[in-house]
Amino acid sequence: MIMIMISFLSISLTFFSFYNIYAQQQDQQQLLSEENITLYDPNLKIELVVSGLDFPTTMAFLGPDDFLILEKNTGNVNRVVNGNLLEKPLLHVDASIKDERGLLGIAVSEKKNFYDTTFFIENKKLTHNVFLYYIKCNEKNLDCENRVYRYDLDNQKNVLVNPKLLAGVPSFPDPSHAGGIIRIGPDENLYITVGNFQDTIPLKVYKTKTQNFEDGKFVDGRAGILRITQDGYPVLDNNGREGILGNEYPLNLYYAYGIRNSFGIDFDPLTGKLWDTENGPQFGDEINLVEPGFNSGADKVYGIWESNDLGDRLKNKKGQYVTIVEDNPEDLVYFNGKGHYSPPEFIWGKTIAPTALLFLDSDRLDSVYENDMFVGSADGGRIFHFDLNENRTGLDLKGNLTDKIALNKTEYGDILFAEGFSIITDVKQGSDGYLYVVSGLKQSKSEKFGAIYRILPLKNN
Ligand SMILES: [Ca+2]
Ligand SMILES: [Ca+2]
Ligand SMILES: [Ca+2]
């Protein structure tokens, strides 16, 4: 049973705006009761933080009860303060919105040199860098690019200013498998997911080496996790000369490759290591530990199964699925030994469309969840919860999951933390240490069902 609580506003209001907020609260109560959200920990509860959003994709906190939220299709960057959606967006971007394209990714860092006297006097209103990731096409919807921009937040005027294009990667031919997630690593660099932009029938020209086609013509930024500085430069070793997979641009941007489509990356707060979620075709959704040079196997391997050209599971002559068991399967690309394949740490046999991945770096939800992994899904609006093993190189799995594969819902019952959100596009940790869930939408032309929820202890600590 879900406890419903709407936070009351203490600020003084005119009658008109009070009426609006009263009506909004009624809507919110109705929205919560209409959702079939189930939380499986009886010591936790869920609160609606804000609703009325148009397909929200991802959020980033500026401070306590203060965050930015993106809308995929309107191209608006909105700010929510104390549960109130500010009327005017901080920025509108003219993104292409076809299918999986749109305004997709955000990361925020505090401005550096804040205590430099000159800087402080001139720029004290510019408090944060805001990194935005969206898909931009020309007027004919061609020449599309996955682009990452850096803006300054003007905290007095509530606008994003000084746009600087940091990265652009060709985004074609398909408007799906676009990736779109940004995270700032413990090394302060930006990590960016880029999909393979391919649906079921790959065209030869878009077969590249980072999708594990040895005869691929070029590397163009697709099918990987790219790493750049907050100024948009490649991160190179050996006095700025060497990329992880090679030195030529854009191969030198790759941190990992062989990735079909990832909507979730985060860093383990204890080890600093990167983890991801990946979407397979109809099978083989994955969670991976992503070491530098990681090859996830796409477009050849999903989960532990070889894929045919149509993205189906490949069968041998006996009709059995072909399973990859080697550490470095022969028909993948390794960039002269600089790349390495490793199998997933977790696999959903039948797709659940995993999205956000979050490590909860807080004990405020409950100490049993501190440093644990949470994964959201589009299918069923589910949240999965995982403990990591002792040396944090894998997940601590039990019973039917010790084979690292959940074939069906019966098998994953024990790791199901919540379900019934419409679709989950993001899961973040708030400045208060609680879990925040971005719930995408129910399809409706007239109403905006996108909402953000907060999960917290039943008894507030
Ligand atoms: Ca893989
Ligand atoms: Ca735990
Ligand atoms: Ca199993």
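Scroll up for the structure.
Residues numbered from 1 in each chain as written. Chains lettered and ligands numbered in written order. Predicted model: local features only at pLDDT ≥ 70, side-chain atom pairs only at ≥ 80, totals over all residues. Heavy atoms only, no water.

Novice: What's the story with a negative patch on the surface in this structure? I'm lost.
Specialist: Taken together, the side chains of Glu326, Asp327, Glu330 and Asp331 make up a negatively charged region of the molecular surface. With respect to the secondary-structure elements, aspartate 327 resides in the loop between β21 (305–306) and β22 (340–341). Residue aspartate 327 is classed as exposed on the basis of its relative accessible area of 60%. (Patch = residues over 30% accessible without salt bridge, like charges linked within 9 Å, V, L, I, M, F, W, Y side chains within 5 Å. Areas by Shrake-Rupley, 256 points an atom, 1.4 Å probe, with all protein chains shown as cover. Salt bridge = Lys/Arg side-chain N within 4 Å of Asp/Glu carboxyl O. Lys, Arg positive; Asp, Glu negative; His and termini not counted. Charge placed at Lys NZ, Arg CZ, Asp CG, Glu CD. Helix = DSSP H or I, 4+ residues; strand = E, 2+ residues; numbered from the N terminus. Buried < 20%, exposed > 50% of the residue type's maximum accessible area, 1.4 Å probe, protein only.)

Novice: Explain the coordination of the calcium ion (ligand 1) to me, please; I cannot follow it from the model alone.
Specialist: Between any two of four tetrahedral donors, the ideal angle at the metal is 109.5 degrees; between two of six octahedral donors, it is 90 or 180 degrees. The calcium ion (ligand 1) binds to the protein through Glu286 (OE), Glu286 (OE), Ser296 (O) and Ser296 (OG); the donor distances cover 2.3 to 2.5 Å. Of this pair, glutamate 286 sits in strand β18 (residues 283–290) while serine 296 is found in the loop between β19 (294–295) and β20 (301–302), placing the two residues ten residues apart along the sequence. The same class applies to glutamate 286 and to serine 296, which are both buried. (Donors = N, O, S within 2.8 Å, 3.2 Å for Na, K, Ca; no water.)

Novice: What's the story with the coordination of the calcium ion (ligand 2) in this structure? I'm lost.
Specialist: Within the protein, the atoms that donate to the calcium ion (ligand 2) are Val368 (O), Asp372 (OD), Asp372 (OD) and Asp387 (OD), at distances of 2.2 to 2.8 Å. Each donor residue of the calcium ion (ligand 2) belongs to the same chain, and together they define the spacing V-x3-D-x14-D. Placement of the pair is aspartate 372 in the loop between β24 (354–359) and β25 (373–377) and aspartate 387 in the loop between β26 (383–386) and β27 (405–406), with a sequence separation of 15 residues. Taking relative accessible area as the criterion, aspartate 372 reaches 4% and is therefore assigned buried. Here aspartate 387 falls in the partly exposed class, since its relative accessible area comes to 30%.

Novice: Before we go on, may I ask you to explain the sheet that holds strand β31 (residues 450–457) in this structure?
Specialist: The strands making up a sheet associate through hydrogen bonds between their backbones, and the pairing can be parallel or antiparallel. Pairing is antiparallel in the open sheet, where four strands are placed in the order β2-β31-β30-β29. Here the strands that pair on one side only, and so sit at the sheet edges, are β2 (44–53) and β29 (424–429). When strand polarity is set aside, the average angle formed by the axes of neighbouring strands in this sheet is 20°. (Pairing = 2+ DSSP bridges. Axes fitted to C-alpha atoms, helices over the stretch in contact; angles between N-to-C directions.)

Novice: What exactly am I supposed to notice about the state of the cysteines here?
Specialist: The bond known as a disulfide is covalent and runs between the sulfur atoms of two cysteines. Enumeration according to the criterion identifies one disulfide in this entry. The disulfide bridge from cysteine 137 ends at cysteine 144, spanning 2.1 Å between sulfur atoms. Between cysteine 137 and cysteine 144, the S-S dihedral sits near 110°, and the bridge is therefore right-handed. Given a relative accessible area of 12%, cysteine 137 falls into the buried group. The buried category is assigned to cysteine 144, whose relative accessible area is 3%. (Disulfide = S-S within 2.5 Å.)

Novice: Help me understand the environment of leucine 395 in this model?
Specialist: Relative to the helices and strands, leucine 395 resides in the loop between β26 and β27. Residues leucine 395 and leucine 289, 106 residues apart in the sequence, show an inter-C-alpha distance of 9.8 Å. Residues within four places of leucine 395 in sequence aside, it is in contact with Trp275, Ile287, Glu345, Phe346, Met373, Phe386, Asp387, Leu388 and Asn389. (Contact = heavy atoms within 4.5 Å.)

Novice: Would you mind showing me how to read the nonpolar core here?
Specialist: The nonpolar side chains of soluble globular proteins are, as a tendency, buried together. The biggest cluster of nonpolar side chains holds 44 residues, and the ones touching the most others in it are Val148, Ile182, Ile192, Ile225 and Leu274. Those elements that provide at least two residues to this core are β8 (103–110), β9 (126–136), β11 (159–170), β13 (190–194), β14 (224–228), β15 (254–257) and β16 (264–267). Setting aside residues up to four positions removed in sequence, valine 148 forms contacts with Leu132, Tyr133, Lys164, Leu165, Leu166, Ala167, Ile182, Leu190 and Ile192. Counting residues in hydrophobic clusters, the runner-up holds 22 residues, among them Leu358, Phe374, Leu435 and Val437. (Core = buried A, V, L, I, M, F, W, Y, C linked by side-chain atoms within 4.5 Å.)

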